[in-house]
Amino acid sequence: MKIKILSDKIYWVNKDEKENRGDLMESLFKEEFNNKLKNLVFIDLKEEYQLEDVKLPVGFSLPLKLDYLIEGIKEQELEEEISLEKIVEAMIYLLGIDGDFKYSKKYKEVLKNLNIDLKNYSMHKAFIKQEEDPLDSYIFLKGYEEVVGEDPDIIFKEANILEALYNKIQDDYEKSEKLLNIIIKKYNKVLNLDENYSLAYYRLAYINIALAKFIKANMYFEKFINLSTNEELKDEVRKEIEIIKNNVNYDSAKTYLSYGDNDKALNLLDNISEDFNKDESFYYIYAIANYNIGDLDKAEEYGKLSVEKKNTEENINLLASLYAAKDEFTRAIDIIKVGLEEIEDSYPLNYNLGIIYLNANEKDKGIEYLEKAYKIKPTEELDSFIKSIK
């Protein structure tokens, strides 16, 4: 369909008229959105036009993309007529950038009354632009949402496209982190609208794997399997669940440990396979769980394995405490000194070494390390204690 709009008046969108509505995407990509507005112009109808059920008056401002206008001038077609599709495209695009633009109400009325499948049209335009310009792709979908309202298919596709945009801007850490939060909120919005939308669980699972949130990822994968009818994707997800099983068990063990359920924590740790990356944190968690149930021999065994991997304040202090509890003060002192060679300014290591020296009846040494701890982290309580033993 073509519209005759011969006009001697062409003007650009005034970006100063655009108001920020608090939209997170608008805030995050303000410069990019303003640049895209530069590719939109208005031309006015020179005569009244009945567009299906909508009457467009003389002087009605119709948006067009500047690149289409330039192409039409070059081909000498613009003086005769303009494709309705190009006007629809520009209307949706403009609404996607600014749903409160001064002509937005009229544009929404026009788009709602046109005999076209607006959803499929917007999805198609988004698909075409997805690889070349994900932000443009998002804008078309957002434009549809401004006209029709929230739609889980559209919001899911928005989130999907923003993932592609995220991959392009990962080097900008602050911006990409904010965008990732928007993506997660959009997938959750899909589930608020339709809790059985299986693909939203699928994408949230993979995002949580990337964030090393394996318990959540596992939960989303299980939701997907229960809801999806796509057997190929379900097989893929079952394999992923098996791949992250050790991570899920490890994170669950830490959760149980924090709740004081040491037996469940140990049961999960026992079920972690040998190919899991058992680093200093893994063995420290194992040691603490055994310590909490009173198995001090195993606590010492896993504490040593943790220290062999890497010295930390936590594993050094644990081993020192275990040795000191058996009055093996020399071993306790030696292990803390090993830690202090790497973590010289550690308050807990200096403080605990001071206490162990006191228990070993080496008062001067004890005071020396307590004073070092005080210099690192001065407190009235420690100051009073040091004065009381001098």
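Computed from a prediction, not measured in an experiment: that's the story for all the values here.

Caption draft 1: The packing of aromatic side chains, seen in detail. Across all of its chains, the model carries 21 aromatic pairs by this definition. Ring centres 5.5 Å apart and planes at 85 degrees place the aromatic pair F282 and Y286 in the edge-to-face group. Placement of both F282 and Y286 in helix 15 (residues 280-292) is noted, with a separation of four residues, approximately one turn of the helix. According to the relative accessible area criterion, F282 is buried, its value standing at 1%.

Caption draft 2: How the structure looks around the environment of S321. Take S321: it is sitting in helix 17 (residues 313-325). Polar side-chain contacts of S321 include one of 2.8 Å to the backbone oxygen of N317.

Caption draft 3: Quick look at the nonpolar core. Residues M25, F29, L56, L111 and L179 are the most contacted members of the largest nonpolar core, which totals 79 residues. When residues of this core are assigned to their parent elements, the largest contribution, 10 residues, is made by helix 4 (residues 84-97). In this structure L111 touches V88, M91, I92, L95, L118 and V147, once residues within four positions along its chain are discounted. In terms of nonpolar packing, the next biggest core, distinct from the first, is built from 37 residues, L269, A320, L322 and I333 among them.

Caption draft 4: View of the pattern of salt bridges. If you walk through the whole model with that rule in mind, you get 30 salt bridges. Two residues, E300 and R331, come together in a salt bridge whose shortest N-O distance is 3.6 Å. Taken together, the positions of E300 in helix 16 (residues 296-309) and R331 in helix 18 (residues 329-342) put the pair 31 residues apart, joining distant regions of the chain. Accessibility expressed as a relative area gives 34% for R331, which makes it partly exposed.

Caption draft 5: Summary view of the layout of surface pockets. The volume enclosed by the largest pocket comes to roughly 260 Å³. Considering the residues around the largest pocket, the lining is formed by 13 residues, among which D23, K142, E145, K186 and K189 are closest to the centre. It is helix 9 (residues 173-193) that contributes the most residues to the lining of the largest pocket, four residues altogether. Counted by class, the lining of the largest pocket contains five nonpolar, one polar and seven charged residues.

Caption draft 6: Quick peek at helix 14 (residues 262-270). Residues N262, A265, L266, L268 and L269 constitute the buried set of helix 14. Buried residues of helix 14, viewed axially, fall in a sector of 160 degrees; they line one side. Among the structural elements, helix 13 (245-258) and helix 15 are those in contact with the buried residues of helix 14.

Caption draft 7: Structural context of the environment of L266. The topology assignment puts L266 in helix 14. Taking C-alpha positions, L266 is 28 Å from I207, a pair spaced 59 residues apart along the chain. Beyond its immediate sequence surroundings of up to four residues, L266 is in contact with Y286, A289, N290 and I293.

Caption draft 8: Geometry of the packing of helix 15 against helix 16. It is at 8 Å that the axes of helix 15 and helix 16 come closest, and there the two elements cross at 165 degrees. Between helix 15 and helix 16, the angle is such that the two are roughly antiparallel. As helix 15 runs across helix 16, the sense of the crossing is left-handed. Only L296, K298, A299, Y302, G303, L305, S306 and K309 of helix 16 make contact with helix 15, whose side of the interface consists of E280, Y283, Y284, Y286, A287, N290 and Y291. Considered class by class, the residues forming the contact of helix 15 with helix 16 number nine nonpolar, three polar and three charged.

Caption draft 9: Inspection of the packing of helix 10 (residues 198-210) against helix 12 (residues 231-243) at higher detail. It is at 12 Å that the axes of helix 10 and helix 12 come closest, and there the two elements cross at 25 degrees. In terms of their interaxial angle, helix 10 and helix 12 are classed as roughly parallel. At the point where helix 10 passes helix 12, the crossing takes the left-handed sense. Touching L199, Y202, Y206 and I209 of helix 10 are L233, E236, V237 and E240, all from helix 12.

Caption draft 10: The arrangement of unusual backbone geometry in detail. The backbone of A212 shows a phi angle near 60 degrees, a positive value even though the residue is not glycine. By secondary structure assignment, the location of A212 is in the loop between helix 10 and helix 11 (214-227). Its relative accessible area of 45% is what places A212 among the partly exposed residues. Its identity is not glycine, yet N361 carries a phi of approximately 65 degrees, on the positive side.

About the cut-offs
Residues numbered from 1 in each chain as written. Predicted model: local features only at pLDDT ≥ 70, side-chain atom pairs only at ≥ 80, totals over all residues. Heavy atoms only, no water. Phe/Tyr/Trp six-rings, centres within 6.5 Å; stacked < 30°, edge-to-face > 60°. Helix = DSSP H or I, 4+ residues; strand = E, 2+ residues; numbered from the N terminus. Buried < 20%, exposed > 50% of the residue type's maximum accessible area, 1.4 Å probe, protein only. Polar contact = N/O pair within 3.5 Å; in protein donor to acceptor, adjacent residues only side chain to side chain. Core = buried A, V, L, I, M, F, W, Y, C linked by side-chain atoms within 4.5 Å. Contact = heavy atoms within 4.5 Å. Salt bridge = Lys/Arg side-chain N within 4 Å of Asp/Glu carboxyl O. 1 Å grid on protein atoms, 1.4 Å probe; cavity = no way out; pocket = protein on both sides within 12 Å on 5 of 7 lines; lining within 4 Å. Points joined across faces, edges and corners; volume = space filled by probe spheres on them. Nonpolar A, V, L, I, M, F, W, Y, C, P; charged D, E, K, R; others polar. Arc of directions from axis to C-beta. Axes fitted to C-alpha atoms, helices over the stretch in contact; angles between N-to-C directions. Parallel < 35°, antiparallel > 145°, perpendicular 65-115°, else oblique. Left-handed = near helix turned anticlockwise from the far one by under 90°.

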